[in-house]
Protein chains: 2
Amino acid sequence: MTKQQLIENIRRRESFLCVGLDSDRKKLPHHLLGDDDPIYSFNKAIIDATAPYCVAYKPNVAFYESEGVEGWITLEKTVNYLKQNYPDHLIIADAKRGDIGNTSAMYARCFFEKLDVGALTIAPYMGEDSVTPFLTYPNKWVIVLALTSNKGSHDFQLLEDKASGERLFEHVLRRSQVWGNESNTMFVVGATQGRMFEDVRKVAPRHFLLVPGVGAQGGSLEEVCRYGMTDECGLLVNSSRGIIFADTSEQFAQVAGEKARELQEEMKTYLNRC
Amino acid sequence: MTKQQLIENIRRRESFLCVGLDSDRKKLPHHLLGDDDPIYSFNKAIIDATAPYCVAYKPNVAFYESEGVEGWITLEKTVNYLKQNYPDHLIIADAKRGDIGNTSAMYARCFFEKLDVGALTIAPYMGEDSVTPFLTYPNKWVIVLALTSNKGSHDFQLLEDKASGERLFEHVLRRSQVWGNESNTMFVVGATQGRMFEDVRKVAPRHFLLVPGVGAQGGSLEEVCRYGMTDECGLLVNSSRGIIFADTSEQFAQVAGEKARELQEEMKTYLNRC
């Protein structure tokens, strides 16, 4: 998906919502547990109910890997279901991969050829040759961790470099722009970071940001938009648990759809201002 | 595996060699390609030929993931083959995972429960809560990236923190020791880093280090031992391509065994000094 297509999808659907498919077997509605593949049944219902209100889906790969081989089969089926039924929705594999060059090339083959998703999250600790193999695929997105939503983000990401005066996350934002551009690279910035979005925008004024942490993690959508939105929107805001596990009765999908619609309606008001 | 068991294995086998199972389908000996699962056939032959000369195996998870679901099946079979036939060898899943707490807990479930390997490599960018879920498993090892073997290691790992004067990799070494200890945590330090092992040992004098980069990446075993060895050895030195793809004829396993034996003999001389 190109940046222009993404922006058009956001405008048309009046939404920059990404629904996180953190589909934990232990949290599934009980009535699904007798199905052949309960997680796949769950994902399909969630996707059908939320698709009108979002522009992207983000399967969190850990939740599938934790099921072993069966989980990878579920992940493949979910991705194929999305591609067949909702080809305009960006599929982001949230996998946070990254290794030396020849190994990152293997991860790229996994996610951009085998699974063939549209975007992948990347951990930048190992530097340039761990990121660039993912950038060789046209119309695919690399989403580099910059300033994450969790408490541990303060351990290393805020270290201030003596030579440049930049903090580590700013250094990651700046260096990554030498390797890729705003048409193939996004950055992860947690919704819990509040006004730090202003600092992110100083270094990356036009890049799309993938923003987790709204909902269960406590981030504010209003703050994210106030400090992080651009005139092209520039945001994909993810909600996982707050949508997909809002209800665990037989009405779970309907409630998930309502939660997604509520977020979409709030997003619409912010989009009208940008 | 406990630290004591690892040290005993090293003493008994006079080796601190880890064989990296970076089993790329494109590099397999041609005569295996007709097998049902050529990568598994390859791994079994490599393992049988090299087991007397090493103490650990390190499947590089990217090479299996790049094959999709089939690759995960091969990885599971390989791990099971090792556990059944070589229970004294440490199995290190080289996966470089790391995410927010609840997601890292899922990766831990995947590698320490489902696959049930003895050790896992972890990327530390996201800080404490991305690492600690892996530390709750008794007798399992968390191997945190510190100073890696690749060129990109210079992009971020050497940034010098203004407040403490420490470089990022030193900060990772020090902070990680608050979360774990020398009985459940190792660090990745690339063999290409030469005298930097002295700096690593100032911060982590007694931890085991997993050292990739000998062989194809150009690191020197002699230098690694001179600057990084402790009186308990304290090193697991990995070689992948230099052993497993040393030959691609029908004698590939025999040649791999010889390459492993050559490294083991060199290691024996260094062990006699420590």
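Residues numbered from 1 in each chain as written. Chains lettered and ligands numbered in written order. Predicted model: local features only at pLDDT ≥ 70, side-chain atom pairs only at ≥ 80, totals over all residues.

Chemist: Quick question: what am I supposed to make of the overall build of chain A here?
Modeler: Along the backbone of chain A there are twelve helices and eight strands. Computed over the C-alpha atoms, the radius of gyration of chain A is 18 Å, within 12% of the 19 Å expected from 2.2 N^0.38 for a compact globule of 274 residues. Projected onto its principal axes, the C-alpha positions of chain A cover 60 × 45 × 35 Å. Burial analysis of chain A (274 residues in total) assigns 54% to the buried set. Partitioning the contacts of chain A with sequence separation of at least 6, the portion at a separation of at least 24 is 71%. (Helix = DSSP H or I, 4+ residues; strand = E, 2+ residues; numbered from the N terminus. Rg over C-alpha atoms; globule rule 2.2 N^0.38 Å. Buried ≥ 20, exposed ≤ 12 C-beta atoms within 10 Å, placed from the backbone. Contact = placed C-beta atoms within 7 Å.)

Chemist: Sorry if this is basic, but what is going on with the relation of the copies chain A and chain B here?
Modeler: Here the two chain copies are tied together by a rotation about an axis and a shift along that axis. Overlay of chain A on chain B (RMSD 0.0 Å): rotation 180°, translation along the axis 0.0 Å. With respect to symmetry, the two chain copies, as superposed, fit the operation of a two-fold axis. (Least-squares fit on C-alpha atoms with pLDDT ≥ 70 in both.)

Chemist: Sorry, what's going on with the confidence of the model for chain A here?
Modeler: Residues with a pLDDT of 70 or more make up 100% of chain A, whose mean pLDDT is 96. Across the interfaces of the predicted complex, the ipTM metric reaches 0.96, alongside a pTM of 0.97. (pLDDT = per-residue confidence, 0-100.)

Chemist: Help me out: how do you make sense of the nonpolar core in this one?
Modeler: General note: in soluble globular proteins, nonpolar side chains tend to be found buried as a group. Counting residues in hydrophobic clusters, the biggest one holds 179 residues, and the most contacted among them are Ile143 of chain A together with Ile143 of chain B. Sequence-distant contacts of isoleucine 143 of chain A, defined by excluding residues within four places in its chain, comprise Ile92, Ala119, Leu120, Thr121, Ile122, Met186, Phe187, Val188 and Leu210 of chain A. (Core = buried A, V, L, I, M, F, W, Y, C linked by C-beta atoms within 7 Å.)

Chemist: Got a minute to help me understand the sheet that holds strand E2 (residues 56-59) of chain B in this structure?
Modeler: Within a sheet, each strand pairs with its neighbour through backbone hydrogen bonds, oriented either parallel or antiparallel. All names here are of chain B. The eight strands lie next to each other as E1-E2-E3-E4-E5-E6-E7-E8, forming a closed barrel whose pairing is parallel. On average, adjacent strands in this sheet sit at an angle of 30° to one another, irrespective of strand direction. Strand contacts of helix H8 (residues 168-179): strand E5 (141-147) and strand E6 (185-189), with the helix running at about 155° to E5, the strand carrying the most contacts. (Pairing = 2+ DSSP bridges. Axes fitted to C-alpha atoms, helices over the stretch in contact; angles between N-to-C directions.)

Chemist: Before we go on, may I ask you to explain the packing of H8 of chain B against helix H9 (residues 196-203) of chain B in this structure?
Modeler: Two measures define how a pair of helices packs: the angle their axes make with one another and the distance between the axes. Residue and element names in this part refer to chain B. Running from N to C, H8 and H9 cross one another at 30°; their axes reach a closest spacing of 9 Å. Viewed along their axes, H8 and H9 adopt a mutual orientation that is roughly parallel. Note on packing geometry: the crossing formed by H8 with H9 is right-handed. Contacts between H8 and H9 involve Glu170, Leu173 and Arg174 from the first element and Asp199, Val200 and Val203 from the second. Classifying every residue of the contact of H8 with H9 by side-chain character gives three nonpolar, no polar and three charged. (Parallel < 35°, antiparallel > 145°, perpendicular 65-115°, else oblique. Left-handed = near helix turned anticlockwise from the far one by under 90°. Nonpolar A, V, L, I, M, F, W, Y, C, P; charged D, E, K, R; others polar.)

Chemist: Which parts of the structure should I look at to understand unusual backbone geometry?
Modeler: Among all residues save glycine, negative phi is the norm, and among peptide bonds the norm is trans. Residues and elements named next belong to chain A. The backbone of cysteine 233 sits at a positive phi, close to 85°, despite the residue not being glycine. Checked against the element boundaries, cysteine 233 lands in the loop between helix H10 (221-228) and strand E8 (235-239). Look at cysteine 233 and you get buried, because 23 C-beta atoms sit within 10 Å.

Chemist: How should the pairing of strand E4 (residues 119-122) of chain A be read in this particular structure?
Modeler: A regular strand places its side chains so that they alternate between the two faces of the sheet. Residue and element names in this part refer to chain A. The two faces of E4 match: Ala119 and Thr121 on one face and Leu120 and Ile122 on the other face are all buried. Sheet analysis places strand E3 (residues 90-97) next to E4, joined by three bridges and oriented parallel. When the sheet's bridge partners are listed, alanine 93 is paired in E4 with leucine 120. Crossover E3 to E4 through helix H5 (residues 101-114) is right-handed. (Right-handed = clockwise from strand over helix to strand, strands pointing away.)

Chemist: Quick question: what am I supposed to make of the interface of chain A and chain B here?
Modeler: Bring the parts together and some accessible area is lost; that lost area is often taken as the interface size. Contact with chain A, which involves 48 residues of that partner, is made by 48 residues of chain B. Listed by contribution, the elements that provide at least two residues to the side of chain A that touches chain B are helix H3 (61-65), helix H4 (69-85), H5, helix H6 (128-131), helix H7 (153-156) and helix H8 (168-179) of chain A. By residue class, the composition of the side of chain A that touches chain B is 19 nonpolar, 15 polar and 14 charged.

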